[in-house]
Amino acid sequence: MFKDLPARPATELDELIEMAANASGVLEGLRDQMLDPYPRKQAPEFTSHQVASLCGFDRTTLKNKEALTKTVRGRVKEGSNQKIYTLEEAIASVIDFSGNQLRPEGAQAKVIGICSYKGGVGKTTSAVSIAQGLTLKGHKVLLVDMDGQGSATTLFGISPELEIGFSDTVASEINAENPDFLKLVRPTYWHNLDLIPASASVLFAEFYIPMLVSQAREKDELFNMYGCVHNGLNAAKEVYDVIVFDTSPSLNYLTQNAIFASDMIFSPCPQKSLDLASLSQFWSIFSELSASAKYPDGDDISAPARAARDFMLTKKYDLVEVFMSMTKSDKDELGQTVKGWLKQSYKEHFWDIGIPESTIPEIQSAQLKTVFDMTGKECNTQAYKRYKEPLDALITHINHELHLAWKRNESSVPIDRLGLMGV
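Residues numbered from 1 in each chain as written. Predicted model: local features only at pLDDT ≥ 70, side-chain atom pairs only at ≥ 80, totals over all residues. Heavy atoms only, no water.

> I keep staring at the overall build of the chain and nothing clicks. Help me out?
Across its full length, the chain holds 17 helices and 11 strands. The buried share among the 423 residues of the chain stands at 49%. Roughly 21,300 Å² of accessible area belongs to the chain as shown, and the carbon and sulfur atoms make up 51% of that amount. (Helix = DSSP H or I, 4+ residues; strand = E, 2+ residues; numbered from the N terminus. Buried < 20%, exposed > 50% of the residue type's maximum accessible area, 1.4 Å probe, protein only. Areas by Shrake-Rupley, 256 points an atom, 1.4 Å probe, with all protein chains shown as cover.)

Here it is as structure tokens:
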């Protein structure tokens, strides 16, 4: 069968380099066909019913509040009596009328890390949904993409391969004399939501950080490998209310940095035994890493180790939670068993509402859309409501925890939430 096939010459490295260059050239040639001029995406519009719902009351109350405050927002849709609001107008109405508490004056942004050890668990979908959902609570949000795949970046209509280089990612600021992630921020189509994008270039940090640690040790200088991202957020914390990390599905250096820079950590986990095992492994390995940083061997430790230890010893978290993603029917016996194991494993760190398994986020992402981009009749289906309602509940829960955290900071009550998980 195979004896008549012609011999194939060995592939040399130069051929692979040429192949990669050719593929990049073809992709660049397709740029105009793949991407429209910026802005590529447009924010959805909202009906008066949707705006009123975001504010927590009905359309009549919205109309009365607008009249009382002489607020002029929205436009009457042509051919109907329906009033339509832009995203910016909807958010303004939430801020003016809903009574939602916003970031207290003088308080810094809260940082949320979405972390897991496995791809395909709904991590990026959760990060983007949380970021968009919190803007609809009145917050100004920064989403930081730290995954080399750049999936979150893609969902905002930006091509990681064609548009994002090393200098556009957080990796470029890690060793700056005064790191400032604000330099990397770019606006998105979604009002009050900015983005620091990612591409494969962000993975340079995985080589860069250990090299910097090694260089520091040789000179007996301070370099805290766990504080690289934390240090770059100082200016951003004054501008934004909430900063959300979408991390890589691994425990690499950037993910570790995101964990240490976060005030809250959320880990999505499907109701599958392998995902349960993966998440358990994630936290176990992180436990070992953090313990080695907090308590390095020997009294005569290096300066970098001392800096890392001091950073770890003072680290506190407002909230650390595991929630279920891609949940199945309550009649699914294995799913209910895994849910029980999750409760047993994470106890008070387990949030007992799951985001259901659905084709909606998959279909939307294939069109470079998010669940919050959906409008009109497509939002009235049972499938949409079944998916969106628990997602809204998650966002409301996070919003509530944000205000508790800001209030707690005012009273200076420390919480070592991660310590409760055995770290």
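> Looking at this structure, how should I read the pattern of salt bridges?
Side chains that differ in sign of charge can pair as their charged atoms come close. One pass over the structure, following the stated rule, counts 15 salt bridges. Asp241 is paired through a salt bridge with Arg103; the nearest N and O atoms lie 2.7 Å apart. Taken together, the residues Asp241 in the loop between helix H11 (236-239) and strand S8 (242-246) and Arg103 in the loop between helix H5 (87-97) and strand S4 (110-114) connect sequence positions 138 residues apart. Ionic pairing is found between Glu357 and Lys328, a salt bridge with its closest N-O pair at 3.2 Å. Highlighted residues: Glu357 in the loop between strand S11 (350-356) and helix H16 (360-366) and Lys328 in the loop between strand S10 (319-327) and helix H15 (333-346), separated in sequence by 29 residues. It is possible to trace a salt-bridge network through shared partners that takes in Lys110, Asp318 and Arg408. (Salt bridge = Lys/Arg side-chain N within 4 Å of Asp/Glu carboxyl O.)

> Just checking my understanding: could you explain the pairing of strand S9 (residues 264-269) for this structure?
Within a regular strand, the side chains alternate between the two sheet faces. When you tally the buried positions in S9, you get six out of six residues, the bulk of the element. Burial of the side chains of S9 extends over both faces: Met264, Phe266 and Pro268 are buried on one face and Ile265, Ser267 and Cys269 on the other. Examined bridge by bridge, S4 and S9 share three bridges and lie parallel to one another. Among the inter-strand pairings, Ile114 is bridged to a residue of S9, identified as Phe266. In the sheet, S9 pairs with S10 via six bridges, with the strands oriented parallel. Its bridge partner being in S10, Pro268 is matched across the sheet by Phe323. (Pairing = 2+ DSSP bridges.)

> Can you help me understand the nonpolar core in this one?
Most often, soluble globular proteins have nonpolar side chains that are buried together. Formed by 53 residues in total, the largest nonpolar core has its most connected members in Ile112, Leu134, Leu143, Val244, Phe266, Ile398 and Leu402. With nine residues, helix H17 (residues 382-411) is the largest single contributor of residues to this core. Once you skip the residues sitting within four places of it in the chain, Ile398 turns out to touch Ile112, Ile130, Leu134 and Phe266. Within the second largest apolar cluster, 49 residues are counted, among which are Val202, Ala216, Leu251 and Ile265. (Core = buried A, V, L, I, M, F, W, Y, C linked by side-chain atoms within 4.5 Å. Contact = heavy atoms within 4.5 Å.)

> Mind showing me how you'd approach the pairing of strand S7 (residues 193-196) here?
Residue alternation in S7 divides its side chains into two sets, Leu193 and Leu195 and Asp194 and Ile196, and both sets are buried. Of the pairings in the sheet, the one linking strand S5 (residues 141-145) to S7 comprises four bridges and is parallel in character. Bridge pairing links Leu142 to Asp194 in S7. Two elements, strand S6 (residues 186-187) and S7, share two bridges in a ladder whose sense is antiparallel. The residue bridging Arg186 from the neighbouring strand is Leu195, located in S7. Here S6 hands over to S7 after five residues, with Asn192 in that stretch at a positive phi of 65°.

> When you look at the sheet that holds strand S3 (residues 83-85) in this model, what are you seeing that I'm missing?
Strand pairing in a sheet is mediated by backbone hydrogen bonds. Such pairs are either parallel or antiparallel. Across the sheet, three strands lie side by side as S1-S3-S2; this open sheet has antiparallel pairing. Each of the sheet's edge strands pairs with one partner strand only, and the pair in question is strand S1 (46-47) and strand S2 (75-76). As defined by bridge partners, S2 adjoins S3 across two bridges and the pair is classed as antiparallel. Within S3, the residue paired with Val76 across the bridge is Lys83.

> Please explain helix H3 (residues 48-55) as it appears in this structure.
Residues three or four positions apart in an α-helix share a direction because the helix packs 3.6 residues into each turn. Within the span of H3, buried status applies to Ser48, Val51, Ala52 and Cys55. The arc enclosing the buried residues of H3, seen along the axis, measures out at 100°, which places them on a common side. Of the residues in H3, the exposed ones pointing more than 90 degrees away from the buried face are His49 and Ser53. Buried residues along H3 sit against S1, helix H4 (59-68), S3 and H5. (Arc of directions from axis to C-beta.)

> Sorry, what's going on with the sheet that holds S7 here?
With mixed pairing, eight strands are arranged side by side in an open sheet as S6-S7-S5-S8-S4-S9-S10-S11. Every interior strand has two partners, whereas the edge strands, S6 and S11, have only one. Looking at chain direction, S10 and S11 are connected through five bridges and run parallel. Following the sheet pairing, Met324 is matched in S11 by Gly354. Packing against the sheet, helix H6 (residues 123-135) makes contact with S4, S5, S7, S8, S9 and S10, and its axis sits at approximately 165° to S8. (Axes fitted to C-alpha atoms, helices over the stretch in contact; angles between N-to-C directions.)

> Just checking my understanding: could you explain the packing of aromatic side chains for this structure?
What describes a pair of aromatic rings is the distance from one ring centre to the other and the angle between the planes of the rings. For the structure shown, the criterion picks out six aromatic pairs. An angle of 85° between the planes, with centres 4.8 Å apart, marks the rings of Tyr226 and Phe260 as edge-to-face. Residue Tyr226 is found in the loop between helix H9 (205-219) and helix H10 (228-232), and its partner Phe260 is found in helix H12 (residues 253-261); the two are separated by 34 residues along the sequence. Ring centres of Phe282 and Trp283 lie 5.2 Å apart, and the angle between their planes is 90°; this geometry places the pair in the edge-to-face category. Residue class for Phe282 comes out buried when judged on its relative accessible area of 0%. Among the residues examined, Trp283 registers a relative accessible area of 7% and is labelled buried. (Phe/Tyr/Trp six-rings, centres within 6.5 Å; stacked < 30°, edge-to-face > 60°.)

> Hey, could you run me through unusual backbone geometry in this one?
Leaving glycine aside, a negative phi is the common case for residues, and trans is the common case for peptide bonds. Positive phi is not limited to glycine here, since Asn192 has a value of about 65°. Note that Asn192 resides in the loop between S6 and S7. With a phi close to 45°, Lys347 is a non-glycine residue in the positive phi region. By the element assignment, Lys347 lies in the loop between H15 and S11.

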